[in-house]
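Breakdown of the fold
Below are the chains, spelled out letter by letter.
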Amino acid sequence: MIIVDYSQYSLTELEEAIKSIDKQKYVGNYQALMNEYSKRENNLAAYNEQTESQLESSEPNIKTTSEFERLLGICFFGLIFGAPIGAEVDPNTLTGSDIFISLLLITMFGGLLVHSFNNGWTFGGNNKFYIKEDPIMFTVAQLIYAWLLGLFSAVFVLGVFS
């Protein structure tokens, strides 16, 4: 009986051989094949673990929570660009329901901002944007929420204090 040296086979060739070998007829070769496959599988698993740990250690360290300066900057952006547009509303035309809706929208957009700052992800369109995966779109979504927060804050203030 000829004993096959499976050490020269690729992983794909080993898998094909496992599917096609007659286990009863070639017991010795089947055992050698399974030993080689098991050895390769263990080496592959160890290599994958090592590669994953290297990737995790080399990822850029983007904080999932934001620093105070980032929070302040985004909120400042929202007030600078949202409040002037909201201030153009004529306070005499605002009714109680307008004030309530403004307060509701302030709560909604403020909640989205707080959530995104605390958790490192936010909603945008039909997607979730994670700060680690897409920091630009994450920031754009935060800026939009801040702008809307500033806009409706101005409308609310005009409705209540005018």
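Residues numbered from 1 in each chain as written. Predicted model: local features only at pLDDT ≥ 70, side-chain atom pairs only at ≥ 80, totals over all residues. Heavy atoms only, no water.

**Concerning a negative patch on the surface**
Negative charge collects at one region of the surface, where E13, E15, E16 and E41 lie side by side. The dominant element in the negative patch, judged by the number of residues it contributes, is helix α1 (residues 11-20), at three residues. Turning to its location among the elements, E41 is positioned in helix α2 (residues 27-58). With relative accessibility at 41%, the residue E41 sits in the partly exposed group. (Patch = residues over 30% accessible without salt bridge, like charges linked within 9 Å, V, L, I, M, F, W, Y side chains within 5 Å. Areas by Shrake-Rupley, 256 points an atom, 1.4 Å probe, with all protein chains shown as cover. Salt bridge = Lys/Arg side-chain N within 4 Å of Asp/Glu carboxyl O. Lys, Arg positive; Asp, Glu negative; His and termini not counted. Charge placed at Lys NZ, Arg CZ, Asp CG, Glu CD. Helix = DSSP H or I, 4+ residues; strand = E, 2+ residues; numbered from the N terminus. Buried < 20%, exposed > 50% of the residue type's maximum accessible area, 1.4 Å probe, protein only.)

**What to know about the packing of helix α3 (residues 68-87) against helix α5 (residues 135-161)**
Their axes nearest at 6 Å, the elements α3 and α5 cross at an angle of 45 degrees. With respect to α5, the axis of α3 lies oblique. Both α3 and α5 take part in a crossing whose hand is right-handed. Here R70, I74, F77, G78, L79, F81, G82, A83, I85, G86 and A87 of α3 lie close against α5, whose contacting residues are F138, T139, Q142, L143, A146, W147, G150, L151, A154, V155 and L158. Residues that form the contact of α3 with α5 fall into these classes: 15 nonpolar, six polar and one charged. (Axes fitted to C-alpha atoms, helices over the stretch in contact; angles between N-to-C directions. Parallel < 35°, antiparallel > 145°, perpendicular 65-115°, else oblique. Left-handed = near helix turned anticlockwise from the far one by under 90°. Contact = heavy atoms within 4.5 Å. Nonpolar A, V, L, I, M, F, W, Y, C, P; charged D, E, K, R; others polar.)

**Comments concerning the pattern of salt bridges**
Scanning the model with the defined rule gives two salt bridges in all. The partner of E36 in a salt bridge is K39, with the nearest N and O atoms 3.4 Å apart. In this pair, E36 and K39 are both assigned in helix α2, three residues apart and thus about one turn of the helix distant. Across the salt bridge formed by E36 and R40, the nearest N and O atoms sit 3.0 Å from each other. Of the two residues, E36 and R40 are both situated in helix α2; the distance of four residues between them amounts to about one turn of the helix. Each member of the pair, E36 as well as R40, is classed as buried.

**Notes on the nonpolar core**
Across soluble globular proteins, nonpolar side chains have a tendency to be buried as a group. Counting residues in hydrophobic clusters, the biggest one holds 16 residues, and the most contacted among them are I74, F109, L113, Y145, L148, L149 and F152. If you list the elements that add at least two residues to this core, you get α4 (96-119) and α5. When residues of this core are assigned to their parent elements, the largest contribution, eight residues, is made by α5. Beyond its immediate stretch of four places on either side in the chain, L113 contacts I74, Q142, Y145, A146 and L149. Among the nonpolar cores identified, the runner-up in size contains six residues, and Y6, I21, L33 and Y37 belong to it. (Core = buried A, V, L, I, M, F, W, Y, C linked by side-chain atoms within 4.5 Å.)

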